[in-house]
Protein chains: 2
Amino acid sequence: VVKREVIKLITPGTIMDGKLIVEKENNFLCAVTRFEDQSYGIARADLTTGESRVSLVSEQDDLFHELASSSIKEVVLSPGWTEEDAHRLRQSLSVTLSEEEAEDLPKGYESLCENVEQPKLLRAFGRLLQYLLRTQKRSLEHLQPVQYDPPNEVMKIDLHSRRNLELVETLREKKKKGSLLWAVDETVTAMGGRLLKQWVERPLLSKKEIERRQGLVQSFLDHYFEREELRDELRHVYDLERLVGKVAYGNVNARELVQLRKSLQRIPAIFALVEKIGNQDVNERLQTIDRCESLVDLLEHSLVDDPPVSIKEGGMIRDGFHKELDTYRDASRNGKSWIAELEQKEREATGIKSLKIGYNKVFGYYIEVTKANIHLLEEGRYERKQTLTNAERYVTPELKEKEALILNAEESIVQLEYDLFLQVREQVKDYIRPLQALAQMISELDVIQGFATVSETHHYVRPALQEDRAIAIKGGRHPVVERVIPNGEYVANDVDMKDGRSILLITGPNMAGKSTYMRQLALIAIMGQIGCFVPADEARLPIFDQVFTRIGAADDLASGQSTFMVEMLETKYALQKATQNSLILLDEIGRGTSTYDGMALAQAIIEYIHDEIRAKTLFSTHYHELTALEKELSDVKNVHVSAVEEQGTVVFLHKVVDGQADRSYGIYVAELAGLPNVVTERAETLLAELEGEKEIVASEKEV
Amino acid sequence: VVKREVIKLITPGTIMDGKLIVEKENNFLCAVTRFEDQSYGIARADLTTGESRVSLVSEQDDLFHELASSSIKEVVLSPGWTEEDAHRLRQSLSVTLSEEEAEDLPKGYESLCENVEQPKLLRAFGRLLQYLLRTQKRSLEHLQPVQYDPPNEVMKIDLHSRRNLELVETLREKKKKGSLLWAVDETVTAMGGRLLKQWVERPLLSKKEIERRQGLVQSFLDHYFEREELRDELRHVYDLERLVGKVAYGNVNARELVQLRKSLQRIPAIFALVEKIGNQDVNERLQTIDRCESLVDLLEHSLVDDPPVSIKEGGMIRDGFHKELDTYRDASRNGKSWIAELEQKEREATGIKSLKIGYNKVFGYYIEVTKANIHLLEEGRYERKQTLTNAERYVTPELKEKEALILNAEESIVQLEYDLFLQVREQVKDYIRPLQALAQMISELDVIQGFATVSETHHYVRPALQEDRAIAIKGGRHPVVERVIPNGEYVANDVDMKDGRSILLITGPNMAGKSTYMRQLALIAIMGQIGCFVPADEARLPIFDQVFTRIGAADDLASGQSTFMVEMLETKYALQKATQNSLILLDEIGRGTSTYDGMALAQAIIEYIHDEIRAKTLFSTHYHELTALEKELSDVKNVHVSAVEEQGTVVFLHKVVDGQADRSYGIYVAELAGLPNVVTERAETLLAELEGEKEIVASEKEV
């Protein structure tokens, strides 16, 4: 029995390779440390790229939302979490949980922490490293120095809103297709795809940085031909970031080093195209980038163009790179041609045309003669080696001698190639930092060209960012919905939220697009803050610090939370955290409880937002009674999704206009759905009665 | 270049093996034929078990619901489907679609159709066979004769209700855990698991057959020790059904035949235990079952206990089964011990203690001597074969001679074993029909013991099935929810729906369990009709022909259907199809539209069910105004989920009692969720105002 030691634990967060790694997604492992003051330290690392980051949040709710802002596969907890909290974490983020006690920074890793000093951050990062050392059982020198993400640098979007708005995956099917990410992804490299995902998950707050990105997009948009050529070049760039990760980790193979070389060979053309595009900001940065030309040289001379995946079977090193290797190869090749000649000679000597020389793993080289021809062989010269049904196989002393030569040469070649390859691999390690910088640059160029491409294809415009908190969108569209419905059928809508219009109360029939209108505004705001252009004819936007949404319903039978409780919890979170710089979307709040309770709560919530928070808010409702608030609250305006009745049928115009809806068309939808006539007719009668009562109440009040 | 022919197409419905096959799930391929009169023929087959069935439905809605009642992976359509219909099918069932033009019954397969005569059924089945022949490119003799499923033999549960009730998977995560199937699954074999899933998907309508199953469950329940022993025995039975499928298909290997033998060896003990349990019905059936003892004999004598997976490497056939094979084996074994002796002899002759004889694939057998000892070798006797860094490897003429003997013997062994194995495999084919009957019996015993086990563990009772359409449940529980909440916290509830109580109108606060109460009744009814006992203290139930539910919400952004449209479509389907023998669950109908529209529709729907359909109906609502209907409609009764206010806080009792709810506690839930006090206090004030208005209306009406 062979004694086996555990040499490495593979956990969801420490997978380096294989089918579980998604090309355009990071694979973050995250360590969460709960501190004595109930604040939390978060450290994350992607082993495949070597990227690592640390941040702090002050309470558990924020922790959940922060963790939701990147693709985390596994969370390592500090000890002392309750079953309940851990369960909540696992459920809401769908991650694997692990635990790590140690949190002191391991010796020898101080250099990774040159960017952070705060003890909490060091403890958080220490836990991550300790866990990695314990499971990986090897040095972590391939990690890049840790980056600190200060709070308040990115727009906060809570977990529910991320899901409801379908930022990176759809709500129900959990697929990228149908998400905002899908709509804006025109990247052509895997690393560009990953950076884009990071950007979508973390929209910016800095006006300067957003406008820098916008400027770049504009430059790329203005140069169609250069951009198309650039896309073609980028398509030939492999996943530099993960290739460099493998170089650093020390498990890169020859085929991957050739991919690295081929990618690097595209750099001059790429940079030349970008220079032609002529954005000053990016061109200055290009000057500072090392193009690793000497590495290209090394790889070109050392490795063949199409080496095998295995590094233990030879066939990797180029002829001419190493003298001794060339000598062995000559020997092997000569031996083989000698054998081909021998076959010819033997045929002539024996007169057996079907005589052939073959090779198999068990018997080595042999001369095969069919049984019918055996009598033609000269006696004593051929030694029988193997008997087949119709033939005999022989060897001769000369054949055996050459065989030994060939086999020995081949063994030496394999060994020597392996040694040479390891040397080359070590040399490549010297280029890790410049390669990482290069990968970063290429990723960013890819995302920017993607923004330019998608903006051109779908007629997006550059939003103007304003300090005055006003929203003015003309002809805005939902970036996903406009793509999935038939061409030309999407109805664009304006959003006008300037002075005196900070809360819009939306009424109107179902199926007319209230939710789409609300989501559309949030998505346009997010697109604006990641630096992309937006689906509209014109857009003026403020910079939102946070986005809150309460849209759609999600009953969770087993967890025991009813729809309405979820609704209230999400609303509470919004009311607690929102500022006047936030965007709040509330869809039919109160629907989950009885009529009057719901109506009362909805009104109280609107009043609170209006008086206390003053955030920009879209509030859709089926309580038409609430439209009276327009008269009482100065910043509330009624809008509705319009419909017209023509010859007894209703046409939904999907157009949002000022004023309240006349009626809700619920019974009309029921007719469309095919409910029996007797039901809908009876409903019409009942409705008339109910509305009659309302009028009585109204007149009663006037009295 | 080797010329390759397509020998087989593997599609989702024709996978035979590997990781994509789930143990406890069938893998149905289904062919759908649309006839000229807009009716549809459905033919399905599970290639892994050989099972095949045909049925007919009269319209497209029914087709969808029928297809949802079994685990279908792929649907083969007749030509002429519109893009739109095909898309709907793919979307709602998550299946792969294929097309097949031919529908005539292929020659030679008439014997599979002995049970069906109707031309439509033959066309449907013909299409399935044609597709299989075209993709599998081989005979389909392993299919069992097709079974006809007449309509109206099973309870109809539409697609939405199956999902909402979470019969075989949960709504959101699509996992078995948390479903009804999960709750009742105490089967211990894969085939029992599959049969159980079929039963859960297709509850019965025949009182006689349901009571037959109940009787069996009761017998098993009464014999705890025999049942536990039976479970132990069953755990050792492999997946007979799929093993037989492989025998029939002709790709079974030796390891699987040993699994078959080991499973068959459990049969006598299993049958003896069942006989002890002593249910007359099942014991009579046991008499008719062939236990395949002669097959056990054959397999025991022919195959070793632990053969390899590959059938081309020998090591399968038992010593003593075949003389010639035994002879070869002797030769090989003798040769090997001769070599061991030679090593000893050579060490003595040369005086080299470290001398050893080894074997590798390239050079065969060799004598290895370290370089330090080479001078000790007698010259001329050893022929150098390979040079290592520290040693040389040699052969001698005798060694080579024995090597040829050993290798030749081994080659012959492998070939002969392969031939013998194929003969055995052919013989096993004669047992296919009795094996299938045996597998069917074992599956059923497993499901029944599982019902008995789950009924005992969770205190289920045998429901009494009544002809009088009355429902009387005492202490009913939700089979899933009672498992996932902490022990003892589940509050059981009665259902009383006898004369004058065919529609229950449920009001009460959120989070108090209205939806759970409704689902619970449907699940109890379904459990009763699959023959299982039910989670209650006492239960009298009618046999329901159909179950309809409109519970929960599912907004589908991209498809453009709003919540309310979905709500109305599902309601329409229920109103159209339900009979007085159906069960209808409607949860907050009207919630998706404006207040008065919704209220009017809800009332009109209740009236329609009351006057026209007379189905048993649970209707939950937030429109407390509807409770007045109790006075107007004779069969409507108000019930509510109770809560008590104690010292300013509300305690939900989760108990359903007669009468309408006092209030809805929506504002209380908002307080629980932590909404700012200023909001909830203001809501209280507004609510008081609104309720004041209502009273005015009421008094106005009385005037």
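Residues numbered from 1 in each chain as written. Chains lettered and ligands numbered in written order. Predicted model: local features only at pLDDT ≥ 70, side-chain atom pairs only at ≥ 80, totals over all residues. Heavy atoms only, no water.

**A closer look at the side chain of Ser98(B)**
Residue and element names in this part refer to chain B.
Consideration 1: Along the chain, serine 98 falls in strand β5 (residues 96–99).
Consideration 2: There is a polar contact of 3.2 Å between the side chain of serine 98 and the side chain of tyrosine 131.
Consideration 3: Those residues in contact with serine 98 that sit more than four places away from it in its chain are Glu74, Val75, Val76, Leu77 and Tyr131. (Helix = DSSP H or I, 4+ residues; strand = E, 2+ residues; numbered from the N terminus. Polar contact = N/O pair within 3.5 Å; in protein donor to acceptor, adjacent residues only side chain to side chain. Contact = heavy atoms within 4.5 Å.)

**Regarding the side chain of Thr189(B)**
All names here are of chain B.
Consideration 1: By secondary structure assignment, the location of threonine 189 is in the loop between α5 (180–184) and α6 (190–201).
Consideration 2: Here glycine 192 takes part through its backbone nitrogen, which lies 2.9 Å from a polar atom of the side chain of threonine 189.
Consideration 3: Non-local contacts of threonine 189, meaning those with residues more than four positions away in its chain, are made with Lys24, Leu234, Val237 and Asp446.

**A look at the sheet that holds strand β6 (residues 147–148) of chain B**
All names here are of chain B.
Consideration 1: The mixed open sheet is built from six strands, whose spatial order is β5-β4-β1-β2-β3-β6. Taken across any chain shown, the strands that pair with only one partner, and hence form the sheet edges, are β5 and β6.
Consideration 2: Sheet analysis places strand β4 (residues 72–77) next to β5, joined by four bridges and oriented parallel. Across the sheet, residue glutamate 74 finds its bridge partner in β5, namely threonine 96.
Consideration 3: Sitting on the sheet, helix α3 (residues 119–136) is in contact with β1 (28–34), β2 (40–46), β3 (51–57), β4, β5 and β6, with an inclination near 130 degrees to β1. (Pairing = 2+ DSSP bridges. Axes fitted to C-alpha atoms, helices over the stretch in contact; angles between N-to-C directions.)

**Details of the packing of helix α6 (residues 190–201) of chain A against helix α16 (residues 432–457) of chain A**
All names here are of chain A.
Consideration 1: Between α6 and α16, whose axes approach to 8 Å, the crossing angle comes to 70 degrees. In this view, α6 runs roughly perpendicular relative to α16, as classed from their interaxial angle. Across from Met191, Gly192, Leu195, Leu196 and Trp199 in α6, the residues of α16 making contact are Ala439, Gln440, Ile442, Ser443, Glu444, Asp446, Val447, Ile448 and Phe451. (Parallel < 35°, antiparallel > 145°, perpendicular 65-115°, else oblique.)

**Some words on a nonpolar patch on the surface**
All names here are of chain A.
Consideration 1: Together, Val644, Val651 and Leu653 make up a nonpolar patch on the protein surface, roughly 180 Å² of accessible area in all.
Consideration 2: Looking at the secondary structure, you find valine 651 in strand β21 (residues 649–658).
Consideration 3: Exposure remark for valine 651: the relative accessible area of 33% places this residue in the partly exposed category. (Patch = residues over 30% accessible without salt bridge, like charges linked within 9 Å, V, L, I, M, F, W, Y side chains within 5 Å. Areas by Shrake-Rupley, 256 points an atom, 1.4 Å probe, with all protein chains shown as cover. Salt bridge = Lys/Arg side-chain N within 4 Å of Asp/Glu carboxyl O. Buried < 20%, exposed > 50% of the residue type's maximum accessible area, 1.4 Å probe, protein only.)

**Focus: empty space enclosed by the protein**
Consideration 1: For the structure on display, the rule yields six cavities of 30 Å³ or more.
Consideration 2: The volume enclosed by the largest cavity comes to roughly 190 Å³.
Consideration 3: Considering the residues around the largest cavity, the lining is formed by 19 residues, among which Arg591(A), Tyr623(A), Arg591(B), Thr593(B) and Tyr623(B) are closest to the centre.
Consideration 4: Classifying every residue of the lining of the largest cavity gives four nonpolar, eleven polar and four charged. (1 Å grid on protein atoms, 1.4 Å probe; cavity = no way out; pocket = protein on both sides within 12 Å on 5 of 7 lines; lining within 4 Å. Points joined across faces, edges and corners; volume = space filled by probe spheres on them. Nonpolar A, V, L, I, M, F, W, Y, C, P; charged D, E, K, R; others polar.)

**Concerning unusual backbone geometry**
Residues and elements named next belong to chain A.
Consideration 1: Not every positive phi belongs to a glycine, and arginine 469 is a case in point at roughly 70 degrees.
Consideration 2: As for its placement among the helices and strands, arginine 469 is situated in the loop between β12 (464–465) and β13 (471–476).
Consideration 3: In this structure, arginine 614 takes a positive phi of about 65 degrees despite not being glycine.
Consideration 4: On the secondary structure map, arginine 614 appears in the loop between α20 (595–613) and β19 (616–620).
Consideration 5: Taking the relative accessible area as the measure of exposure, arginine 614 reaches 43% and is therefore partly exposed.

**Overview of helix α22 (residues 666–673) of chain A**
Residue and element names in this part refer to chain A.
Consideration 1: Of all eight residues in α22, six are buried; the element is thus mostly enclosed.
Consideration 2: Listed as buried for α22 are Gly666, Ile667, Tyr668, Val669, Ala670 and Ala673.
Consideration 3: Just beyond α22, the residue with positive phi is glycine 674, at close to 95 degrees.

**So, the confidence of the model for chain A**
Any segment with low pLDDT has predicted coordinates that should not be analysed in fine detail.
Residues and elements named next belong to chain A.
Consideration 1: Across chain A, pLDDT averages 87, with 92% of residues at or above 70.
Consideration 2: The low-confidence segment residues 553–560, where pLDDT is below 50, has 17 contacts with residues more than four positions distant or belonging to other chains.
Consideration 3: Across the interfaces of the predicted complex, the ipTM metric reaches 0.74, alongside a pTM of 0.70. (pLDDT = per-residue confidence, 0-100.)

**Examining the packing of aromatic side chains**
Consideration 1: Applying the stated criterion across every chain yields a total of twelve aromatic pairs over all chains.
Consideration 2: Judged by centre distance (6.1 Å) and plane angle (50 degrees), the rings of Trp199(A) and Phe451(A) are tilted. Taken together, the residues Trp199(A) in helix α6 and Phe451(A) in helix α16 connect sequence positions 252 residues apart.
Consideration 3: Taking the relative accessible area as the measure of exposure, Phe451(A) reaches 0% and is therefore buried.
Consideration 4: Above the plane of the ring of Trp81(A) lies Arg34(A), whose end atom (NZ or CZ) is 4.7 Å from the centre.
Consideration 5: Seen from the ring of Trp199(B), Arg213(B) lies directly overhead, with NZ or CZ sitting 3.4 Å from the centre. (Phe/Tyr/Trp six-rings, centres within 6.5 Å; stacked < 30°, edge-to-face > 60°. Lys NZ or Arg CZ within 6 Å of the ring centre and 35° of its normal.)

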